[in-house]
Amino acid sequence: MRMRRSRSRAALALMTAAVLGAAGCDSGGGASSGTHSKSGTAAKAKPSPTPVWDRSPSSVAAVGDSITRGFDACTVLSDCPEVSWATGTEASVDSLAVRLLGKTGAAERSWNYAETGARMADLPAQITQAVVRKPQLVTVMVGANDACRASTSAMTSVADFRTEFETSLKSLRRALPKTQVYVASVPNLKRLWSQGRTNPLGKAVWKLGICPSMLADADSLDSVATERRDTVQDRVEEYNKVLEQVCATDVRCRFDGGAVYDYRFGTDQLSHWDWFHPSKDGQARLAAMAYQRITAREPVT
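Parameters at a glance
In this convention, every chain numbers its residues from 1, walking through the sequence in written order. Given that this is a predicted model, residues contribute local features only at a pLDDT of at least 70 and side-chain atom pairs are listed and counted only at 80 or more, while totals for whole chains, interfaces and linings are drawn from all residues. Side-chain measures were taken over the full set of non-hydrogen atoms in the model, leaving aside hydrogen atoms and water. Numbering of helices and strands runs from the N terminus, with a helix taken as a DSSP run of H or I at least four residues long and a strand as a DSSP run of E at least two residues long. Each residue is placed in one exposure class: buried if its accessible area under a 1.4 Å probe, protein chains only, is under 20% of its type's maximum, exposed if it is over 50%, and partly exposed if it falls in between. In this description, contact between two residues means that some pair of their heavy atoms is separated by no more than 4.5 Å. Computed with the Shrake-Rupley method and a 1.4 Å probe, the accessible areas treat only the protein chains shown as cover for residues. Here a Phe, Tyr or Trp ring, Trp counted by its six-membered ring, pairs with any other such ring whose centre lies within 6.5 Å, and the pair is stacked when the planes are under 30 degrees apart, edge-to-face when over 60, and tilted otherwise. By definition, disulfides here are pairs of cysteine sulfur atoms that lie within 2.5 Å. To count toward a patch, a residue needs a relative accessible area over 30% and no salt bridge; like charges are then connected within 9 Å, while nonpolar side chains (Val, Leu, Ile, Met, Phe, Trp, Tyr) are connected within 5 Å. A pairing counts as a salt bridge when a side-chain nitrogen of Lys or Arg comes within 4 Å of a carboxyl oxygen of Asp or Glu. Think of each axis as a best-fit line through the C-alpha atoms, taken over the contacting stretch in the case of a helix, with angles from 0 to 180 degrees between the N-to-C directions. Note that the term roughly parallel is reserved for angles under 35 degrees, roughly antiparallel for angles over 145, roughly perpendicular for angles of 65 to 115, and oblique for everything else. It is the rotation of the near helix from the far one that decides the hand of a crossing: anticlockwise by less than a right angle makes it left-handed, clockwise makes it right-handed. Each residue gets one label: Ala, Val, Leu, Ile, Met, Phe, Trp, Tyr, Cys and Pro are nonpolar, Asp, Glu, Lys and Arg are charged, and the others, such as Gly, are polar. Note on terminology: a nonpolar core comprises buried Ala, Val, Leu, Ile, Met, Phe, Trp, Tyr and Cys residues joined through side-chain atoms within 4.5 Å. In this scheme, a helix's expected span is set at 1.5 Å multiplied by one less than its residue total. Under the rule applied, a polar contact is a pair of N or O atoms within 3.5 Å (in protein, one hydrogen donor and one hydrogen acceptor; residues adjacent in sequence only if both atoms are side-chain atoms).

Peer 1: Just checking my understanding: could you explain the overall build of the protein chain for this structure?
Peer 2: For the protein chain, the helix and strand inventory stands at 11 helices and 5 strands. Taking all 301 residues of the protein chain together, the buried fraction comes to 46%. Of the contacts made within the protein chain by residues no fewer than 6 positions apart, 71% connect residues no fewer than 24 positions apart. Carbon and sulfur atoms make up 53% of the accessible area of the protein chain, which totals about 15700 Å².

Structure below.
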């Protein structure tokens, strides 16, 4: 009799365990449906994907030409990097680096490798200098000097412009796979000519050799001069297409969407030395444009 009772209790325990197991109860009494997948394996929480574009990089290196060097913004025919839109320190400009890093951070973690007179062919060497610093963001503004030549026939070909930009970007990417790149469009040179040609001082400085393909014979409106300026302007637009297209092949590159090209620099935004390069106010406008696009959630299309 005692053996039968023992067997009955054992059978009852086994049945209870089976029922509880079928109901999905774990040893702690909680339901298991929330902790196991249909296949019976433990479900893992999926981590949030890390955004490819970092809207708050911690260091900045600038490459490019005279605009990024603040040329003619302070004194005639001279660089003034302290007012550079990219890395300048002057409060009135509120440069991109200052906006991103703060005044102290900009002084410690931003570098300007741009050179007055630089063309796209000079960009690879500037990139080589910049990668040594391992910046999280590289700003690129170059191309005006490729169009600003002694004649239209001397302008950089579109094919060479593309090859040199691709080479520069690939060089950067090999050295720094995760560094971000902000690419500014080439300014509208014909609009700058139109704004500056009304100023006698500006035209006198132009004769010293500033962008002769566009600015030579500034007052001439005959068919030859008009065709020359249109040829330069067409080349600038083709350069901007290249910048946009090549940048689009790199997930960590943002083109400005033509913001610099489209911006209507007025007399307050132009150097009062040459009426062609950006003034301090113009540099501040460039800084604001860059900051807006770099910190945007989505790139400008």
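Moving on, there is more to tell.
Peer 1: Teacher, can you tell me more about the packing of aromatic side chains here?
Peer 2: Any pair of aromatic rings gets described here by the distance separating the centres and the angle formed by the planes. The tally for this structure, following the rule as stated, stands at 3 aromatic pairs. Between the aromatic rings of Trp-85 and Tyr-182, the centroid separation amounts to 6.3 Å while the plane-to-plane angle is 65°, which identifies the pairing as edge-to-face. Pair noted here: Trp-85 is in the loop between strand S1 (60-64) and helix H2 (96-109) and Tyr-182 is in strand S4 (residues 180-183), with a separation of 97 residues, a long-range link. Summarising the burial analysis for this pair, Trp-85 and Tyr-182 share the class buried.

Peer 1: Just to check I follow, could you spell out the state of the cysteines for this structure?
Peer 2: One pass over the structure, following the stated rule, counts 3 disulfides. Disulfide pairing places Cys-74 opposite Cys-80 at an S-S distance of 1.9 Å. Classification of the bridge connecting Cys-74 and Cys-80 rests on its S-S torsion, roughly -70°, and on that basis the disulfide is left-handed. There is a disulfide in this structure between Cys-148 and Cys-211, and the S-S distance comes to 2.0 Å. Every disulfide takes its handedness from the sign of the S-S torsion; for Cys-148 and Cys-211 that torsion is -75°, giving left-handed. Pair noted here: Cys-148 is in the loop between helix H4 (144-147) and helix H5 (158-175) and Cys-211 is in the loop between helix H7 (200-206) and helix H8 (212-215), with a separation of 63 residues, a long-range link.

Peer 1: Can you help me understand a nonpolar patch on the surface in this one?
Peer 2: Judged by side-chain polarity, Val-76, Leu-77, Leu-208 and Trp-273 come together as a nonpolar surface patch covering roughly 370 Å² of accessible area. Examined against the element boundaries, Leu-208 turns out to sit in the loop between H7 and H8. Looking at Leu-208, the relative accessible area reads 61%, which means it is exposed.

Peer 1: Would you take a moment to explain the packing of H5 against helix H9 (residues 223-248) for this structure?
Peer 2: Packed helices, taken two at a time, are described by the angle their axes make and the gap between the axes. Interaxial distance between H5 and H9 falls to 10 Å at its minimum, and their mutual angle equals 30°. On the basis of their axis angle, the class for H5 and H9 is roughly parallel. By crossing handedness, the relation of H5 to H9 is classed as right-handed. Residues Val-158, Phe-161, Arg-162, Phe-165, Glu-166 and Leu-169 of H5 lie in contact with H9, whose contacting residues are Arg-235, Glu-238, Tyr-239, Val-242, Leu-243, Gln-245, Val-246 and Cys-247. Classifying every residue of the contact of H5 with H9 by side-chain character gives 9 nonpolar, 1 polar and 4 charged.

Peer 1: Can you walk me through unusual backbone geometry in this structure?
Peer 2: Positive phi outside glycine occurs at Leu-77, with the angle close to 55°. In this structure, Leu-77 sits in the loop between S1 and H2. Within the chain, Trp-275 stands out as a residue other than glycine whose phi angle is a positive 50°.

Peer 1: Which parts of the structure should I look at to understand the nonpolar core?
Peer 2: Considering soluble globular proteins, one finds that nonpolar side chains tend to be buried as a cluster. Counting 68 residues, the largest nonpolar core has Trp-85, Val-183, Leu-189 and Phe-276 as its most contacted members. Among the elements that line this core, the one with the most residues is H9, at 7 residues.

Peer 1: Explanation requested: H9 in the structure shown.
Peer 2: Working note: α-helix, 3.6 residues per turn, so residues spaced by three or four point in the same direction. Taking 1.5 Å as the rise per residue, H9 with 26 residues should run 38 Å; its terminal C-alpha atoms sit 37 Å apart, in good agreement. A side-chain oxygen of the first residue of H9 lies 3.2 Å from the backbone nitrogen of Val-224; this N-cap is Asp-222.

Peer 1: Where do I start with the pattern of salt bridges in this structure?
Peer 2: Two side chains with opposite charge may pair up if their charged atoms get near one another. By the definition in use, this model includes 9 salt bridges. As a salt-bridge pair, Lys-280 and Glu-90 come within 3.4 Å of each other at their nearest N and O atoms. A residue pair is termed long-range when its members are at least 10 positions apart, and Lys-280 in helix H11 (residues 280-294) and Glu-90 in the loop between S1 and H2 qualify at 190 residues. The exposure class assigned to Glu-90 is partly exposed, which follows from its relative accessible area of 26%. In this structure, the salt-bridge partner of Asp-230 is Lys-190, at a minimum N-O distance of 2.4 Å. Linking Asp-230 in helix H9 with Lys-190 in helix H6 (residues 189-196), this pair joins segments that are 40 residues apart in sequence.

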